[in-house]
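The lines below spell out each chain.
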Amino acid sequence: MNCSGAGSQQIDPDYLDALLDAVPHKGQSFTYTHYPWPLWADKLAQGRTVINFSADTLKKAFDAFKSAVPAVVVLPPGAWSNGKSASAEGVPVVRCPAEYRAGLGCRDCGNGDPLCARLDRQFIIGFTAHGAGTKKAADPAVRGGCYAHGGNVRLHWDATSTADQPDETDG
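Here is a short report on the structure shown in this document.

What counts, and at which threshold
Residues numbered from 1 in each chain as written. Predicted model: local features only at pLDDT ≥ 70, side-chain atom pairs only at ≥ 80, totals over all residues. Heavy atoms only, no water. Helix = DSSP H or I, 4+ residues; strand = E, 2+ residues; numbered from the N terminus. Buried < 20%, exposed > 50% of the residue type's maximum accessible area, 1.4 Å probe, protein only. Contact = heavy atoms within 4.5 Å. Areas by Shrake-Rupley, 256 points an atom, 1.4 Å probe, with all protein chains shown as cover. Core = buried A, V, L, I, M, F, W, Y, C linked by side-chain atoms within 4.5 Å. Arc of directions from axis to C-beta. Salt bridge = Lys/Arg side-chain N within 4 Å of Asp/Glu carboxyl O. Phe/Tyr/Trp six-rings, centres within 6.5 Å; stacked < 30°, edge-to-face > 60°. Pairing = 2+ DSSP bridges. Axes fitted to C-alpha atoms, helices over the stretch in contact; angles between N-to-C directions.

## Digging into the overall build of the protein chain
Helices and strands together make up the secondary structure of the protein chain, namely 4 helices and 6 strands. Tracing the protein chain from N to C terminus, the helices and strands come up as α-β-β-α-β-β-β-β-α-α. Per-residue burial over the protein chain gives 36% buried out of 171 residues. A separation threshold of at least 6 residues defines the contact pool for the protein chain, and within that pool the share at least 24 residues apart is 61%. Carbon and sulfur atoms form 53% of the exposed surface of the protein chain, whose accessible area is close to 9,700 Å².

Shown next, in the form of structure tokens:
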């Protein structure tokens, strides 16, 4: 994910291949990253882990979408026109259903076909900013509206990005 900016600035090809192949039998796998999508998008394929480009702005999400890269973005609470959708240059931005449907999580999303696990989707997925990231997400000039920029995910990233690494790759 690398939202801290610390750690490697290059993708480990062995790890990327292991991640892409980490799909359970008859299952799905997906993740999110801030790494620039031109560095990994050519590896995306049906039947592999779907990597979602976690864009800092709607414009960046739209740019990834135009290149057939699954994209997600964090938006301020007022961005949803009907509580469930928005748009970026005419492309639908579908709000994560777990945000407005009680008891719904990734496992139940899309009737067992989670939106974030769909490689060839015709929309961008949006998450609503909350907590400390709300103001940052409302200002496209400020980086840091990502849900993982703070909290437990950030603590984990900081710990792993500064840890001594063995000679072998994570892959």
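## So, the nonpolar core
One finds Trp40, Phe53, Val93 and Ile124 to be the most contacted residues of the largest nonpolar core, which totals 25 residues. Contributing elements (two or more residues each) for this core: helix H1 (13-20), strand S2 (50-55), helix H2 (58-66), strand S3 (71-75), strand S4 (85-88) and strand S5 (91-95). If you look at the next biggest cluster of nonpolar residues, it comprises 11 residues, including Cys96, Cys109, Leu115 and Phe127.

## Here we look at H2
In an α-helix, one turn spans 3.6 residues, which is why side chains three or four residues apart end up on the same side. Within the span of H2, buried status applies to Ala61, Phe62, Ala64 and Phe65. One side of H2 holds all its buried residues, which, seen down the axis, span an arc of 160 degrees. In this structure, the buried residues of H2 make contact with S2, S3, S4, S5 and strand S6 (124-128). Just downstream of H2 lies Ala68, where phi reads positive at about 65 degrees.

## Section: the pattern of salt bridges
For side chains bearing opposite charge, pairing can occur when the charged atoms are close. Inspection of the entire model under this criterion finds 7 salt bridges. For Lys43, the salt bridge identified is with Asp17, shortest N-O distance 2.8 Å. Here Asp17 lies in helix H1 and Lys43 lies in the loop between strand S1 (30-33) and S2, a separation of 26 residues in the sequence. Residue class for Lys43 comes out partly exposed when judged on its relative accessible area of 28%. Note on Asp17: relative accessible area 26%, which makes it partly exposed. Between Lys66 and Asp63 there is a salt bridge whose closest N-O contact spans 3.7 Å. Of the two residues, Lys66 and Asp63 both sit in helix H2, 3 residues apart, roughly one turn of that helix.

## Describing the packing of aromatic side chains
Summed over the entire model, instances satisfying the criterion amount to 2 aromatic pairs. Arranged with centres 6.0 Å apart and planes meeting at 85 degrees, the rings of Phe30 and Tyr32 form a pair that is edge-to-face. Judged by its relative accessible area of 24%, Phe30 is partly exposed. Among the residues examined, Tyr32 registers a relative accessible area of 17% and is labelled buried.

## Thoughts on the sheet that holds S2
Taken in spatial order, the 6 strands of this open sheet run S1-S2-S3-S6-S5-S4, and their pairing is mixed. Because the sheet does not close on itself, it has two edges, and the strands there are S1 and S4. This sheet shows a mean twist of 35 degrees between the axes of neighbouring strands, independent of strand direction. Looking at chain direction, S2 and S3 are connected through 3 bridges and run parallel. Looking across to S3, one finds that Ser54 is bridged to Val72. Across the sheet, H2 lies against S2, S3, S4, S5 and S6, angled at about 170 degrees from S3, the strand it touches most.

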